[in-house]
Amino acid sequence: MESLNVTEFLYENLNEFTNGFSEENFVSNFQFGKVYRGKMPPGIYGKEAKDVMVKIWDASNNRLYRVYHPEENRVRLAEEVVLLKHRTMNSHPNLVKLVGFCWQNDKLGAVYDLDPLHTLRDLIPKGCFDWLKRMKVAVEFARVLAFFHAPKKCFLPHGPYLIRNVDATHIMLDKDYNTKLFDFSMVSGGMFPDRNKVRLHALRGYTSGCIGYIDTYFAYTGMLTYCIH
């Protein structure tokens, strides 16, 4: 399938969209950086101003800094762009839509067509997040997992994927409480077959993925098998 075109932005553009990465536009941290609300001026993405979400990779913010080398953020960004440019991914209602990215020296970022409310992690303890909204999110995220886990050629032309960093921090909700998965830094399988065997950086005792989602055999060996898929 044909890939979609995205825009390469300068870091100055991202700075402008977020009003200097202001505190009032800060949404949340994620595993490898920070997320901000932003607004694109008219003419960049349509005739009107556009609400967007800006994700910044920040090595100093890595929650697993000792396990993952900061330079790997470049690989994460490159692979996310490849993944989200694919029309199959772009058409899924519960995945973020990539508008553009920034790759300027060590300044790495992505811009999504999304007006974010909060991450699932931020909303869980709040009273406004009632059971109907929780069930809506659960059903929509189940659809995301079913989509990524589908056998080859069922939904995805490259076969099933494993989202190793499933986390409430990586699920963003918009103002209608629609679920949007927005981080793919540890996705393996599919069009990234080289990730099927995960380099564990020779550090024993660490699991490459989120406990409760990844298989125990994969956690121990770093290898995907047919049964795990």
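Heads up: the structure comes first, above all this text.
Once a new chain begins, its residue numbering starts again from 1 and follows that chain's sequence as written. Totals for whole chains, interfaces and linings use every residue, but because this is a predicted model, local features are given only for residues with pLDDT of at least 70 and side-chain atom pairs only at 80 or more, for both listing and counting. Side-chain numbers come from the whole structure's heavy atoms, not from hydrogens or water.

**Here's the deal with the overall build of the chain**
Inclusion rule: What counts as a helix is a DSSP run of H or I of at least four residues, what counts as a strand is a run of E of at least two, and both are numbered from the N terminus. Here the term buried applies to any residue with accessible area under 20% of the maximum for its type, exposed to any over 50%, and partly exposed to those in between, with areas from a 1.4 Å probe on protein chains only. Any two residues having at least one pair of non-hydrogen atoms within 4.5 Å are treated as being in contact. Per-residue and other accessible areas follow the Shrake-Rupley method at a 1.4 Å probe size, with only the shown protein chains counted as cover for residues.
Across its full length, the chain carries six helices and 11 strands. Classification of the 229 residues of the chain by burial places 48% in the buried group. Within the chain, residue pairs in contact and separated by at least 24 positions form 65% of the contacts whose partners lie at least 6 positions apart. Surface summary for the chain: the accessible area is close to 11900 Å², and the carbon and sulfur share equals 53%.

**Notes on the packing of aromatic side chains**
What counts is decided by this rule: Pairs were defined over the aromatic rings of Phe, Tyr and Trp, the Trp ring being its six-membered one, requiring ring centres within 6.5 Å. Orientation was assigned from the angle between planes: stacked under 30 degrees, edge-to-face over 60, tilted for the rest.
Counted by the stated rule, this structure contains 10 aromatic pairs. Arranged with centres 5.2 Å apart and planes meeting at 65°, the rings of F21 and Y36 form a pair that is edge-to-face. Of this pair, F21 sits in the loop between helix 1 (11-17) and strand 2 (26-30) while Y36 is found in strand 3 (residues 33-40), placing the two residues 15 residues apart along the sequence. Taking relative accessible area as the criterion, F21 reaches 15% and is therefore assigned buried. Centroid distance F129 to Y177: 6.2 Å. Interplanar angle 15°. Geometry classified as stacked. Residue F129 is found in the loop between helix 4 (120-123) and helix 5 (131-149), and its partner Y177 is found in the loop between strand 9 (171-174) and strand 10 (179-181); the two are separated by 48 residues along the sequence. Accessibility classification places F129 together with Y177 in one group, the buried group. Taken together through their ring pairs, the aromatic side chains of Y11, F21, F26 and Y36 make up a single cluster.

**With respect to helix 2 (residues 72-85)**
Helical geometry note: an α-helix holds 3.6 residues per turn, so side chains three or four residues apart project in the same direction. Stated formally: In this analysis, the expected span of each helix is defined as 1.5 Å times one less than the number of residues it contains.
With 14 residues, helix 2 should cover 20 Å at 1.5 Å per step; its first-to-last C-alpha distance of 20 Å lies within 8% of that length. Summarising the contacts, the buried residues of helix 2 are in contact with strand 4 (50-57), helix 3 (87-90), strand 5 (98-104), strand 6 (107-112) and strand 8 (161-163).

**Notes on the nonpolar core**
Worth spelling out the cut-off: Side-chain atoms within 4.5 Å link the members of a nonpolar core, which is a set of buried Ala, Val, Leu, Ile, Met, Phe, Trp, Tyr and Cys residues.
Judged by nonpolar contacts, the single largest core of 43 residues is most densely connected at M53, L95, V96, F148, Y161, L181 and F184. Take this core: its biggest share by element is six residues, from helix 5. Within the second largest apolar cluster, 12 residues are counted, among which are F9, Y36, V99 and C102.

**Topic: the side chain of E80**
Locating E80 in the fold gives a position in helix 2. On the basis of relative accessibility, which here comes to 2%, the residue E80 falls in the buried class. In this view, E80 contacts K55, W57, A110, Y112, F182, D183 and F184; residues no more than four positions away in its chain are not counted.

**Some remarks on unusual backbone geometry**
The phi dihedral of N19 falls on the positive side, at around 55°, and the residue is not glycine. A positive phi is found at Y177, a non-glycine position, where the angle reads about 60°.

**Let's talk about the side chain of N94**
With respect to the element layout, N94 can be found in the loop between helix 3 and strand 5. Excluding residues that lie within four positions of it along the chain, N94 makes contacts with E140, R143, V144, T179, K180 and L181.

**Section: the pattern of salt bridges**
Condition: By salt bridge we mean one thing: a side-chain nitrogen of Lys or Arg within 4 Å of a carboxyl oxygen of Asp or Glu.
Enumeration according to the criterion identifies eight salt bridges in this entry. The network of salt bridges with shared partners includes K55, E80 and D183.

**Points about the sheet that holds strand 7 (residues 116-119)**
This is how it is decided: Pairing between strands is defined by DSSP: at least two bridges between them are needed. Structural elements are reduced to axes, namely lines fitted to C-alpha atoms, with helices fitted over the stretch in contact, and the angle between N-to-C directions of any two is expressed from 0 to 180 degrees.
As summarised here, the arrangement of the three strands in space is 7-9-10, forming an open sheet in which the pairing is antiparallel. Of all the strands in the sheet, the pair left with one neighbour each is strand 7 and strand 10. Strand-to-strand twist in this sheet, taken as the mean axis angle between neighbours without regard to direction, amounts to 35°. Examined bridge by bridge, strand 9 and strand 10 share three bridges and lie antiparallel to one another. Bridge pairing links M172 to K180 in strand 10. Contacting strand 9 and strand 10, helix 5 crosses the sheet at an angle of about 35° to strand 10.

Spatial relationships are all this shows, so hold off on functional conclusions.
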